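Structural overview
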Amino acid sequence: MSPRDLMGAALRGLTANKLRSLLTVLGVSIGVGAVIVLVAVGNGSGKAVQDRLEAMGTNLLTVSTTGGGGGFVRGQAGPANQQYSLTLDDAAALADKNLAPDISSVAPVMTSSGTATNGDTSYTVNQVIGTTPAYLPATNTPVQIGRSFTQADVDTSQRVILLGQTAATELFTRPASAVGQTIKLGAVDFTVLGVLASKDSTGFNDPNATAIVPITTLRATQAGYGALNQIVVQAAGQDRVDTAQAEVTQLLTARHQVPADETSPFRITNSAQILQTSQDTAATFTALLATVAAISLVVGGIGVTNIMLVTVTERTREIGIRKALGARRRTILGQFLIEATLLSLIGGAVGVGAALIVTRFQLAGVHPVLVPSSIGLALGVSAAVGLFFGSMPAHRAAGLRPIDALRHE
């Protein structure tokens, strides 16, 4: 038989039992669609984190203490006098161009939480950040509506506040109407100076559910006069990050008199290193999701095998008649292989179509990012599944003896 005749015979075989063929196609399509969608979700999640880190800049350093502030002094059994806690004086020293020439800006950071109230409307702000104006450009946190506070506001402990988009929406419905209004944070009145630009969510925490106030105000009204949570340092350039990091380490070690034989109590996080780590983690996560989804392809392949075995059993007499009339082994083999491959390819095409529709929507807080290569790979794998899992039923059909096939009831 010619290839065209083989294809026609295979199509007639598939349409002989439409429901069975439809269920087989559905099984394969679920596997193919799952691979494409899950790879897209993993890629989208990694890209969201990567975009946020890149937006912050790869020349950013975040300084904190390994013990979260405070420590123990040698020779004392009780709590230390917070020898290694970060202070405003540390931030001022890091901002000194004579001591750290490779650092362009420094922003001390304290964090707290509280309930913001506007009339009868209240909203729990999980992260209230106390800092200086340098924090906003360093972390790429622009003010979309209104204006930021100034260094003079910090110096005079002005009770002014910047609201994230979520906080502003919860308190005022329309963020634009928040500017100039007075709200309470805890029991203290604050004047809203501006609303921060919206930031993309990674699907875990809402970066817009925040508020920023002058650090002196936060210390006086909310968090007290304890240690800083961290210091945000911006290097003078991407090529000077390592030098700036060395200057931070050297300066803080000297200021806090850290003994040479002790591990540094300061943790300095390099945003470039975080970006690389996040990319590696995202790649691993995506590969894991693809592996899990591939299991459903294997299940679909087993379904192809079962359906084709049933088909061979039902068409045993037909195979016997064709062999008695001179049909060759390779003709029978080719027909059943084509049937199995067509089932898988049609299922793959349906799965791709479904995946293209699903990836247009946000899933679990993540915007899926379609990977074009995953479509071709999924289709190729579906064809391979048809050939591999269809080979056993096809060989079984081709190996039937005409006399035995004709006696089959």
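Residues numbered from 1 in each chain as written. Predicted model: local features only at pLDDT ≥ 70, side-chain atom pairs only at ≥ 80, totals over all residues. Heavy atoms only, no water.

In the annotation of an unreviewed UniProt entry, the entry for the protein chain reads ABC transport system permease protein, and the organism field reads Kribbella pratensis. What the UniProt record of the protein chain gives under Sequence similarities (unreviewed entry) is the line "Belongs to the ABC-4 integral membrane protein family." Quoted verbatim from the Subcellular location (unreviewed entry) field of the UniProt record, the comment on the protein chain reads "Cell membrane". (UniProt positions renumbered as here; feature names shortened; annotations may be inferred.)

**So, the pairing of strand 3 (residues 121-131)**
Residues in a regular strand project their side chains so that they alternate between the two faces of the sheet. Bridge count between strand 2 (residues 103-118) and strand 3: eight bridges; the pairing is antiparallel. By the bridge assignment, T111 is partnered in strand 3 with I129. Between strand 2 and strand 3, which pair antiparallel in sequence order, lie two residues; one of them, G119, sits at a positive phi of approximately 65°. (Pairing = 2+ DSSP bridges. Helix = DSSP H or I, 4+ residues; strand = E, 2+ residues; numbered from the N terminus.)

**Digging into helix 7 (residues 215-223)**
Buried residues of helix 7: I215, T217, L218 and R219, and no others. Here the buried face of helix 7 lies against helix 3 (88-94), strand 2, strand 3, helix 5 (151-155), strand 7 (188-196) and strand 8 (210-214). Two residues or fewer past helix 7, G224 is found with a positive phi of approximately 80°. (Buried < 20%, exposed > 50% of the residue type's maximum accessible area, 1.4 Å probe, protein only. Contact = heavy atoms within 4.5 Å.)

**Here's the deal with a nonpolar patch on the surface**
Among the surface-exposed residues, L19, L22, L23, L26 and I30 lie close enough to one another that they form a single nonpolar patch of about 520 Å² accessible area. Position of L19 relative to the elements: it lies in helix 2 (residues 18-56). (Patch = residues over 30% accessible without salt bridge, like charges linked within 9 Å, V, L, I, M, F, W, Y side chains within 5 Å. Areas by Shrake-Rupley, 256 points an atom, 1.4 Å probe, with all protein chains shown as cover. Salt bridge = Lys/Arg side-chain N within 4 Å of Asp/Glu carboxyl O.)

**A word on the pattern of salt bridges**
Applying the stated criterion across every chain, the model contains three salt bridges. With a closest N to O distance of 2.8 Å, R240 and D102 form a salt bridge. Linking R240 in the loop between strand 9 (230-235) and helix 8 (241-255) with D102 in the loop between helix 3 and strand 2, this pair joins segments that are 138 residues apart in sequence. The class for D102 is buried, based on a relative accessible area of 11%.

**Some points on the nonpolar core**
Membership of the largest hydrophobic core comes to 60 residues, with the highest contact counts inside it found for I161, L163, I183, I231 and V233. Beyond its immediate chain neighbours, meaning those up to four positions away, I161 contacts I183, L185, F190, T191, V192, L193, G194, A211, I212 and V213. One finds V32, A293, F336 and V352 within the second-largest nonpolar core, a separate group that totals 20 residues. (Core = buried A, V, L, I, M, F, W, Y, C linked by side-chain atoms within 4.5 Å.)

**Focus: the UniProt feature "transmembrane region" (unreviewed entry) in the protein chain**
Residues annotated in UniProt with the feature "transmembrane region" (unreviewed entry) correspond here to residues 21-42, 285-312, 332-357 and 369-389. The span residues 369-389 is 86% helix and 0% strand, and its two end C-alpha atoms sit 31 Å from each other.

**Things to note about the environment of Q250**
Summarising the element assignment, Q250 is placed in helix 8. According to the relative accessible area criterion, Q250 is exposed, its value standing at 61%. Along the primary structure Q250 and L99 are separated by 151 residues, whereas in three dimensions their C-alpha atoms are 9.9 Å apart.

**Focus on the pairing of strand 2**
Bridge count between strand 2 and strand 9: six bridges; the pairing is antiparallel. Bridge assignment links S105 to a residue of strand 9, and that residue is Q234. Two strands pair when backbone bridges link them, and strand 2 and strand 6 (residues 182-185) are joined in this way by two bridges, in the antiparallel orientation. Of the residues in strand 6, the one forming a bridge with A116 is L185.

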